[in-house]
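Single-letter residue listing:
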Amino acid sequence: MNDAKTFDQLPVEVISHIFLFLQFGEKKIASTVCWSWYEASIHPMFLNNEVICLKDMDNQEIQEALKVYTKSLRAFFTFKICGLGISFQNNDEDDPEILINENHWVKTVWPLLATKVFFLEFFDTVEFIDDILPALLNETQHLKALKIHNLQYSPKEELHKVKRLQLLEELTLDNLQTDNIDNDKLFGIIPKQLRKICLKSMWCSKFIIDDINKVLNYCSFYLETLELINIDVTPELMRSIASLGMKLKRFCLVIADSMYYDHEPQIIWPLFKTQWPLIDLTLRADCLTNEHLYIITNTFKNLEKLSVSSDSATCNVTKDGIDSFVTLKKLKTLYVGFGREYSAYGAFY
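Residues numbered from 1 in each chain as written. Predicted model: local features only at pLDDT ≥ 70, side-chain atom pairs only at ≥ 80, totals over all residues. Heavy atoms only, no water.

**Student:** Please clarify how the nonpolar core should be interpreted in this entry.
**Tutor:** In globular proteins that are soluble, nonpolar side chains generally tend to be buried together. Core analysis: the largest hydrophobic core is formed by 81 residues, its most contacted members being Phe79, Trp110, Leu120, Phe251, Ile296, Leu306 and Phe325. Counting residues per element, this core draws most heavily on helix 8 (residues 132–139), at five residues. Apart from the residues lying within four places of it in its own chain, the contact partners of Ile296 are Phe272, Leu281, Leu283, Leu303, Leu306, Val308 and Phe325. Core analysis: the next-biggest nonpolar cluster, separate from the first, contains six residues, Val12, Ile15, Phe19 and Ala30 among them. (Core = buried A, V, L, I, M, F, W, Y, C linked by side-chain atoms within 4.5 Å. Buried < 20%, exposed > 50% of the residue type's maximum accessible area, 1.4 Å probe, protein only. Helix = DSSP H or I, 4+ residues; strand = E, 2+ residues; numbered from the N terminus. Contact = heavy atoms within 4.5 Å.)

This is the structure we're talking about:
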């Protein structure tokens, strides 16, 4: 019996598996029993959907909150930062709220956590007047996924101040106002091994054509997922993208604004000339016809997930075009939505 192991001496993977059968509250209580149980409770399998949100907090509140996590044994962190559009430097000595210097949380507590921050999502609705985002990213060089939403930049080349994020695999830019920044801003931070790029709601962004072409060409060998959702996609951009020797597995193109209807056919056709080994395709455009659906069926035979739709009530798609998807033998999930007449969702096994 002397060689018998107690429960707390079991491998952390075994204890973590047992914890899978506990409710959240039960797991929280169990994590306080001993260090081995705590370590099991923060196993990566439990942290995939756990997000630490910093929202509308002042400098002191953020520092106090982050100090708690500096003592954590977690392997990695996922942070969501909202509403912190304040500058580092003191641009208004009469306003103590923006008197930020070496005591700022990005320079004090954040560096103690930064090496474990793999996922970072950043929201804001105000103009950044200084270096908070570049400083944050320069400290967080182990990032694997970065999402930036609703940011308006001043013309101070903020992204030029960011070191290249060498470990980054996923980048999402949503409603990023960038007209007043010169070119190459994205090219300077994106690594060659980037696997996913998502661009959303970026209308009238002059940098799109030049910058995206450079970025995609730079990381084309590793890129697996490309999502272009309500941005200034042009026929020239799509032809350029299609000409790259990429091996995309997932592609999403959403053209929701009717003002682009006349150009939509020219935007879509380059897609059908690619040799991408797609398993997931999302295509939303008002100009889709049965012919497009037939070509999708004949071109991307390995699709496992497919979504084709339109906002137009006069879209030229009929049941015959939709029925052609039956020939996709590997298809597991299908969404079809065209105007009011045809709307279907199915799972194929």
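So that's the structure; there's more coming.
**Student:** I tried to follow the environment of Ala285 on my own but got confused; where do I start?
**Tutor:** Note on placement: Ala285 falls in the loop between strand 11 (280–284) and helix 12 (290–299). Here Ala285 is in contact with Ile255, Glu264, Ile268, Ser309 and Ser310, once residues within four sequence places are set aside.

**Student:** What exactly am I supposed to notice about helix 1 (residues 12–19) here?
**Tutor:** The periodicity of an α-helix, 3.6 residues per turn, causes residues three or four positions apart to be oriented the same way. Regarding helix 1, the residues found buried are Val12, Ile15, Ser16 and Phe19. All buried residues of helix 1 lie within an arc of 100° about the axis, which places them on one face of the element. (Arc of directions from axis to C-beta.)

**Student:** What should I look at first to understand a nonpolar patch on the surface in this one?
**Tutor:** On the surface, Phe7, Val14 and Ile18 cluster together into a nonpolar patch covering about 210 Å² of accessible area. By relative accessible area, which is 33% here, Phe7 ends up partly exposed. (Patch = residues over 30% accessible without salt bridge, like charges linked within 9 Å, V, L, I, M, F, W, Y side chains within 5 Å. Areas by Shrake-Rupley, 256 points an atom, 1.4 Å probe, with all protein chains shown as cover. Salt bridge = Lys/Arg side-chain N within 4 Å of Asp/Glu carboxyl O.)

**Student:** Explain the pattern of salt bridges here, please?
**Tutor:** It is possible for side chains bearing opposite charge to pair when their charged atoms get close. Tallying each qualifying case throughout the model produces four salt bridges. The salt bridge involving Arg239 is made with Glu236; its shortest N-O contact spans 3.6 Å. With a gap of three residues between them, Arg239 and Glu236 both fall in helix 10 (residues 235–243), about one helical turn apart.

**Student:** Can you walk me through the pairing of strand 8 (residues 196–202) in this structure?
**Tutor:** The two faces of the sheet receive side chains in turn, since in a regular strand these alternate between them. Bridge analysis of strand 7 (residues 170–174) against strand 8 gives five bridges, and the strand direction is parallel. Across the sheet, Glu170 pairs through a bridge with Lys196, a residue of strand 8. Relative to strand 9 (residues 225–231), strand 8 runs parallel, the two being bridged by six bridges. Bridge pairing in strand 9 places Met202 opposite Ile231. (Pairing = 2+ DSSP bridges.)

**Student:** When you look at helix 5 (residues 59–70) in this model, what are you seeing that I'm missing?
**Tutor:** Spanning twelve residues, helix 5 covers 16 Å between terminal C-alpha atoms, matching the ideal 16 Å at 1.5 Å per step. Elements that come into contact with the buried residues of helix 5 comprise strand 1 (52–55), strand 2 (77–82), helix 6 (105–108) and helix 7 (110–113). One side-chain oxygen at the N-terminal end of helix 5 lies 3.2 Å from the backbone nitrogen of Gln60; it belongs to Asp58. (Expected span 1.5 Å × (residues − 1). Polar contact = N/O pair within 3.5 Å; in protein donor to acceptor, adjacent residues only side chain to side chain.)

**Student:** Even after reading the chapter, I still don't get the packing of aromatic side chains, so can you show me in this structure?
**Tutor:** Aromatic rings in a pair are described by how distant their centres are and how their planes are angled relative to each other. The tally for this structure, following the rule as stated, stands at nine aromatic pairs. Arranged with centres 5.0 Å apart and planes meeting at 65°, the rings of Phe79 and Trp110 form a pair that is edge-to-face. A residue pair is termed long-range when its members are at least 10 positions apart, and Phe79 in strand 2 and Trp110 in helix 7 qualify at 31 residues. Overall, Phe79 belongs to the buried group, its relative accessible area being 1%. Overall, Trp110 belongs to the buried group, its relative accessible area being 0%. Ring geometry for Phe221 against Tyr222: centres 5.0 Å apart, planes inclined by 80°, an arrangement best described as edge-to-face. Its relative accessible area of 63% is what places Phe221 among the exposed residues. These aromatic residues form a ring-pair network of at least three members: Tyr69, Phe77, Phe79, Trp105 and Trp110. Lying over the aromatic face of Phe118, Lys144 brings its terminal NZ or CZ to 5.6 Å of the ring centre. (Phe/Tyr/Trp six-rings, centres within 6.5 Å; stacked < 30°, edge-to-face > 60°. Lys NZ or Arg CZ within 6 Å of the ring centre and 35° of its normal.)

**Student:** I keep staring at the environment of Lys80 and nothing clicks. Help me out?
**Tutor:** On the secondary structure map, Lys80 appears in strand 2. Taking the C-alpha atoms as reference points, Lys80 and Phe119, separated by 39 residues in sequence, lie 8.5 Å from one another. Once residues within four sequence positions are removed from consideration, Lys80 is found in contact with Val51, Ile52, Cys53, Leu54, Glu121 and Phe123.

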